[in-house]
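Close look at the chain arrangement
The chain contents come next:
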Amino acid sequence: MNVVGTSNVAMGAQKSIHAGKAKIDVNVDFTHKLCASLMLPPLRNTGSPLSLVIGSLCIKHPNLFGGSEKLDVSWDKGLYDSNVLVAYRRPRPEWLSQQCFVIQHSLSPEIGVHGVPVDNFSRSGSGGVNLSRLSLGLDISEPTSSKWSSTTSVKFEHVRPVNDDWRPITRDLDGFPVTCSGSKHDSMVVLKQESRYAKATERSFSRFSMQIEQGIPVLSKWLIFNRFKFVASKGVKLGPAFLLTSLTGGSIVGDMAPYQAFAIGGLGSVRGYGEGAVGSGRSCLVANAELTFPLNKMLEGAVFFDCGTDLGSGRHVPGNPALRQGKPGSGAGLGYGFRYRSPLGHLQLDCAINAFQQKTVYFGITNLAT
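Residues numbered from 1 in each chain as written. Predicted model: local features only at pLDDT ≥ 70, side-chain atom pairs only at ≥ 80, totals over all residues. Heavy atoms only, no water.

A separate point is the overall build of the chain. Each helix and strand in the chain was counted, giving 2 helices and 22 strands. For the chain, the proportion of its 370 residues judged to be buried stands at 41%. For the chain, the share of sequence-separated contacts (at least 6 apart) that also reach a separation of at least 24 residues comes to 57%. (Helix = DSSP H or I, 4+ residues; strand = E, 2+ residues; numbered from the N terminus. Buried < 20%, exposed > 50% of the residue type's maximum accessible area, 1.4 Å probe, protein only. Contact = heavy atoms within 4.5 Å.)

Okay, the packing of aromatic side chains next. Following the criterion strictly, the structure yields 4 aromatic pairs and no others. For the ring pair Trp148 and Tyr197, a centre distance of 5.1 Å and an interplane angle of 50° mean the geometry is tilted. Highlighted residues: Trp148 in strand β11 (residues 148-162) and Tyr197 in strand β12 (residues 186-200), separated in sequence by 49 residues. Ring geometry for Phe156 against Trp222: centres 5.4 Å apart, planes inclined by 45°, an arrangement best described as tilted. Of the two residues, Phe156 is situated in strand β11 and Trp222 in the loop between β13 (204-216) and β14 (225-238); the sequence distance between them amounts to 66 residues. (Phe/Tyr/Trp six-rings, centres within 6.5 Å; stacked < 30°, edge-to-face > 60°.)

To continue, consider the environment of Gln325. Counting through the fold element by element, Gln325 comes out in the loop between α2 (321-324) and β20 (330-342). Spatially, the C-alpha atoms of Gln325 and Gly279 are 9.3 Å apart, while their sequence positions differ by 46 residues.

Looking at where Phe205 falls in the secondary structure, it is placed in strand β13. It is 5.2 Å that separates the C-alpha atoms of Phe205 and Gly235, two residues lying 30 residues apart in sequence. Beyond its immediate stretch of four places on either side in the chain, Phe205 contacts Lys199, Ala200, Ser233, Lys234, Gly235, Phe242 and Leu244.

Mapped onto the fold, Asp350 is located in strand β21 (residues 345-354). A polar contact is formed between the side chain of Asp350 and the side chain of Arg271, at a distance of 3.3 Å. A distance of 2.6 Å separates the side chain of Asp350 from the side chain of Arg339, its partner in a polar contact. The residues touching Asp350, leaving out its near neighbours within four places in the chain, are Leu267, Arg271, Phe304, Tyr336, Gly337, Phe338, Arg339, Thr360, Val361 and Tyr362. (Polar contact = N/O pair within 3.5 Å; in protein donor to acceptor, adjacent residues only side chain to side chain.)

As a further point, take a nonpolar patch on the surface. Together, Phe101, Ile103, Leu134, Leu136 and Leu138 give the surface a local cluster of nonpolar side chains, amounting to about 350 Å² of exposed area. Those elements that provide at least two residues to the nonpolar patch are β7 (98-109) and β10 (130-141). The element that contributes the greatest number of residues to the nonpolar patch is β10, accounting for 3 residues. Within the secondary structure, Leu134 is located in strand β10. (Patch = residues over 30% accessible without salt bridge, like charges linked within 9 Å, V, L, I, M, F, W, Y side chains within 5 Å. Areas by Shrake-Rupley, 256 points an atom, 1.4 Å probe, with all protein chains shown as cover. Salt bridge = Lys/Arg side-chain N within 4 Å of Asp/Glu carboxyl O.)

Another point: the nonpolar core. If you look at the biggest cluster of nonpolar residues, it comprises 22 residues, and the most contacted ones within it are Met188, Phe225, Tyr259, Ile264, Val270 and Tyr273. Going through the elements one at a time, β12, β16 (262-264) and β18 (283-294) are the ones with two or more residues in this core. If near-sequence neighbours (up to four positions away) are discounted, Tyr273 is found in contact with Phe121, Ser122, Gly265, Gly266, Val278, Gly331, Ala332, Asn354, Ala355, Phe356 and Tyr362. (Core = buried A, V, L, I, M, F, W, Y, C linked by side-chain atoms within 4.5 Å.)

Of the residues in the chain, 84% have a pLDDT of 70 or more, and the chain-wide mean is 86. Contacts for the low-pLDDT stretch residues 5-11, under 50 throughout, to residues beyond four places or in other chains number 27 contacts. Low pLDDT (under 50) marks residues 29-41, which in the prediction has 27 contacts with non-local residues, meaning those over four places away or in another chain. (pLDDT = per-residue confidence, 0-100.)

Enumeration over the complete set of coordinates arrives at 14 salt bridges. One salt bridge in this structure joins Arg133 and Glu157, with 3.6 Å as the shortest N-O distance. Placement of the pair is Arg133 in strand β10 and Glu157 in strand β11, with a sequence separation of 24 residues. Judged by its relative accessible area of 16%, Glu157 is buried. Here Glu290 ties to Arg339 by a salt bridge, and the two come within 3.1 Å at their closest N and O atoms. Placement of Glu290 in strand β18 and of Arg339 in strand β20 is noted, with a sequence separation of 49 residues between them. By the burial criterion, Glu290 is buried, and Arg339 matches it. A network of salt bridges, in which partner residues are shared, links Arg271, Glu290, Asp306, Arg339 and Asp350.

Within the fold, Asp310 resides in the loop between β19 (299-309) and α2. If near-sequence neighbours (up to four positions away) are discounted, Asp310 is found in contact with Ile264, Ser280, Gly281, Ser283, Cys284 and Gly329. Of note is the side chain of Asp310, whose polar atom sits 2.9 Å from the backbone nitrogen of Gly312.

Here the focus is the side chain of Gln325. Note on Gln325: relative accessible area 18%, which makes it buried. A distance of 3.3 Å separates the side chain of Gln325 from the side chain of Lys327, its partner in a polar contact. In this view, Gln325 contacts Val113, His114, Gly115, Pro117 and Phe121; residues no more than four positions away in its chain are not counted.

What follows is the structure in structure tokens.
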């Protein structure tokens, strides 16, 4: 049995500082991940105790130039990833679309496609590929109707793969290219449209979202592609219990780098498998069903069933990483869990078994007060 879901134990510090009209939020957590106490093998040798420090810094200014312009700057650091986001918003009437200029840089392991499945596909180890991603552009949010909302964005993206020592690479551990261009980076201009629908009653709710991305060929070497993804979910109250079902799918055509493939497996996909351990393809389809029922005022039990497939598209991903790593391309997971809700935070514990009869435990804590 493997424990692959991790959580932070709250032993940090949180502080808010007001500097004029600006507000600075600092949150630092000096706690090792819970996986350390559970003897979970790390993705890589961290080398220094400081690398296990996680935290966040957020600076907000509500009136940057005296015209109610808002500036948000945030930095988040995890065990193996980091993210810097700068967002600038100008005030506009509510009946007009809201605009936000965004600059973002992230650095994170690419496990879903290049990760190596181990322990009967129940978890995924590092494949030596990480992504340094820089994006800048404009987000436009249309006025929300009673049930529908939509967002359009135009962004330039620069993606640079690096190894576990953060040095630029052009090929993975097996010698296959990790970029579409074959060079040390990929560049693209992406036009993205996202539409969302939500409807709720006292006994049920329905949600649907659709994302469409189009790569615009500003220069000849930039990626040209069309990618779409949808998520449909339905929740129904059955007496004291609650049934939640969801269906997720997507596909990509045109130019494609391996890291753009749809990764199947893991928490939020098919439980019982590691991240991307079911498969990675140009297309995907994932179905989830979960029934929760109260055990007392703060504790709920849950039973669930997940399944997913790459629809036979794994071989069409450049370099065919799924085949090289022996991923099955389809899989199912069955399990049970507990949900503990308190004013201090929410705790989730899931135990799932995959098609190879390998058990996996997912453990997480969210919204924990410090």
